[in-house]
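# Structure at a glance
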Amino acid sequence: MKSDPSAPSNPLWGGRFAGGPAAVMQEINASIGFDKRMAAQDLAASKAHANMLAAQGIISSADAVAIIEGLDRIASEIETGAFRFKTALEDIHMNVEQRLADLIGEAAGRLHTGRSRNDQVATDFRLWVRDALDRTDRALAALQEALIDQAERNADTLMPGFTHLQSAQPVTFGHHLLAYVEMIGRDRGRVADCRRRLNECPLGAGALAGTSFPIDRAMTAQALGFDRPSANSLDSVSDRDFALEYLALASILAMHLSRLAEEFVLWTSEGFGFVTLTDAFTTGSSIMPQKRNPDAAELVRAKTGRVFGHLLGLLTVMKGLPLAYAKDMQEDKEPVFETDETLMLCLAATTGMVRDLTAVPERMEAALAGGFPTATDLADWLVRALGMPFRQAHHVTGRLVALAEAQACPLEALDLAAMQTIEPKITDDVFTVLTPEASAASRTSFGGTAPERVREAAAAARERFL
């Protein structure tokens, strides 16, 4: 496809180009379709830059006032939907600059003094990711609150704890939910770490080498809420590790959400029946009228793949780029924007499901009847009461489990005389540790599942995280 020789040159490119780009070049080159999401950040950065230019005497105060007023009008137009985004102007930066020129004339051309689109987009993008991190942290705190509320309500609700998805030891449902509170707490730590590391301002780094104008980069950094200006102009415009770090922490977070979603799928299944969800977070079947499907949980589980893919995609984009900026880096924004959308949706759905769930203690209790979940308690009793080495106690317990299995009964239903055929020193005191209630209540070590510890842990988590 050929370009139109009569087409005017792009105002961004200036006098170097006499003709316009081919239509396909316009399409592949333009980013306004997605980077218009950074309009608020672009306007804020431009206002900070204009104020700094005026303070440094690089532009007049009158021009700065005109620029600020023009940018405020553009913000209003965008907010009301009156602003017309133009693909021919490529990106949010040039759309704003061209509209500013329409509004205030020649003064608009002075705004770009001492900066490049390279440091401009790096600044806007850091501001946008910083806002996304703040949104993520608030959503994570809401999820933690929902989990803690349910944990407190279910501090005494017994259920099987699993390893290899096999019944292992009795735990409380509250204890199980608090495990996710801790995971989400570490996710919030990664959010805070990422926010701290990205909070350096690239504005003023120019295209790659800085600028000869006497700018005050510390002033613009402070105005935009950054901790400091970035230290190296090449690094400022050419790296996207902050976006990669965001996608990496998002991937770990999505993995945690997926694991909890899988629990919902299992718990609401007929085979488990540990919890119920209302119609608000389930769907029906087009052919089977009895079905109640945990589609919200399944979709949270599935959307994890999107987030993982975005991380790998941007890593691949960045892996071979020499310093400094290359157009490849235009591909950095869509994966981040879509990840933010995906995370916000998944977090809202997960928090909604946690608040919506109702535990079914009788089904959890019934599940404790199988799998001999108090076998470890029996082995521990043999160690404590009889002074038996644990490995020997483990062997004796295994034989007692085999005996109970042969008699198709739980350990606590075995006859004492039958138990003594395997270990004569066993006394009837052993029955005090063989119920699920006794097992859970005995786990009083810090971080354990005893109901009293669960209530303490829930209160401590509320204090730490909320």
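Please refer to the structure placed before this passage.
Let us look at the structure shown here. (Residues numbered from 1 in each chain as written. Predicted model: local features only at pLDDT ≥ 70, side-chain atom pairs only at ≥ 80, totals over all residues. Heavy atoms only, no water.)

In terms of regular secondary structure, the protein is built from 18 helices and six strands. Its C-alpha atoms give the protein a radius of gyration of 31 Å, more than 25% over the compact-globule value 23 Å for 466 residues. Judged by the C-alpha coordinates and their principal axes, the protein covers about 100 × 55 × 40 Å. A separation of at least 24 residues holds for 74% of the contacts in the protein among residues at least 6 apart in sequence. Of note, the protein has its 46 positive side-chain charges centred 4 Å away from the centre of its 61 negative side-chain charges. (Helix = DSSP H or I, 4+ residues; strand = E, 2+ residues; numbered from the N terminus. Rg over C-alpha atoms; globule rule 2.2 N^0.38 Å. Contact = heavy atoms within 4.5 Å. Lys, Arg positive; Asp, Glu negative; His and termini not counted. Charge placed at Lys NZ, Arg CZ, Asp CG, Glu CD.)

Time to look at the packing of aromatic side chains. Geometrically, a pair of aromatic rings is defined through the distance of the ring centres and the angle of the planes. Summed over all chains, the structure comprises eight aromatic pairs. Aromatic side chains Phe 125 and Phe 337 sit 6.3 Å apart centroid to centroid with 85° between the ring planes, which places their arrangement in the edge-to-face category. A residue pair is termed long-range when its members are at least 10 positions apart, and Phe 125 in helix H6 (residues 117-153) and Phe 337 in helix H12 (residues 333-356) qualify at 212 residues. The buried category is assigned to Phe 125, whose relative accessible area is 0%. With relative accessibility at 1%, the residue Phe 337 sits in the buried group. Here the aromatic residues Phe 125, Trp 128, Phe 242 and Phe 337 are joined through ring pairs into a cluster of three or more. Stacked on the ring of Phe 226, the Lys or Arg Arg 130 has its end atom at 4.9 Å from the ring centre. In this structure, Arg 135 packs its charged tip against the face of Trp 128, placed 5.1 Å from the ring centre. (Phe/Tyr/Trp six-rings, centres within 6.5 Å; stacked < 30°, edge-to-face > 60°. Buried < 20%, exposed > 50% of the residue type's maximum accessible area, 1.4 Å probe, protein only. Lys NZ or Arg CZ within 6 Å of the ring centre and 35° of its normal.)

This paragraph deals with empty space enclosed by the protein. If you walk through the whole model with that rule in mind, you get two cavities of 30 Å³ or more. What lines the second largest cavity is simply Ala 254, Leu 257, Val 300, Lys 303, Thr 304, Thr 342, Leu 343 and Cys 346. Elements with a minimum of two residues in the lining of the second largest cavity: helix H10 (241-267), helix H11 (295-318) and H12. Class assignment for the residues of the lining of the second largest cavity results in five nonpolar, two polar and one charged. (1 Å grid on protein atoms, 1.4 Å probe; cavity = no way out; pocket = protein on both sides within 12 Å on 5 of 7 lines; lining within 4 Å. Points joined across faces, edges and corners; volume = space filled by probe spheres on them. Nonpolar A, V, L, I, M, F, W, Y, C, P; charged D, E, K, R; others polar.)

Our next topic: the nonpolar core. Judged by nonpolar contacts, the single largest core of 71 residues is most densely connected at Val 129, Phe 173 and Tyr 246. Elements represented by at least two residues in this core include exactly H6, helix H7 (173-198), H10, H11, H12 and helix H18 (451-465). Sort the elements by how many residues they give to this core and H10 lands first, with 16 residues. With residues near it in sequence (within four places) discarded, Tyr 246 still touches Val 129, Ala 132, Leu 133, Thr 136, Cys 194, Val 336, Thr 339, Asp 340 and Leu 343. Judged by nonpolar contacts, the second largest core, of 21 residues, contains Trp 381, Ala 404, Ile 426 and Leu 434. (Core = buried A, V, L, I, M, F, W, Y, C linked by side-chain atoms within 4.5 Å.)

What follows concerns the pattern of salt bridges. Evaluation of the coordinates by the stated rule reveals 30 salt bridges. One salt bridge in this structure joins Arg 110 and Asp 63, with 3.1 Å as the shortest N-O distance. Here the residue Arg 110 occupies a position in the loop between helix H5 (92-104) and H6, and Asp 63 occupies one in helix H4 (residues 61-80), the gap between them amounting to 47 residues. Judged by its relative accessible area of 15%, Asp 63 falls in the buried class. (Salt bridge = Lys/Arg side-chain N within 4 Å of Asp/Glu carboxyl O.)

Another aspect to go through is the environment of Met 52. Assignment of secondary structure puts Met 52 in helix H3 (residues 39-55). What Met 52 contacts, discounting residues up to four positions off in sequence, is Ile 215, Asp 216, Met 219 and Thr 220.

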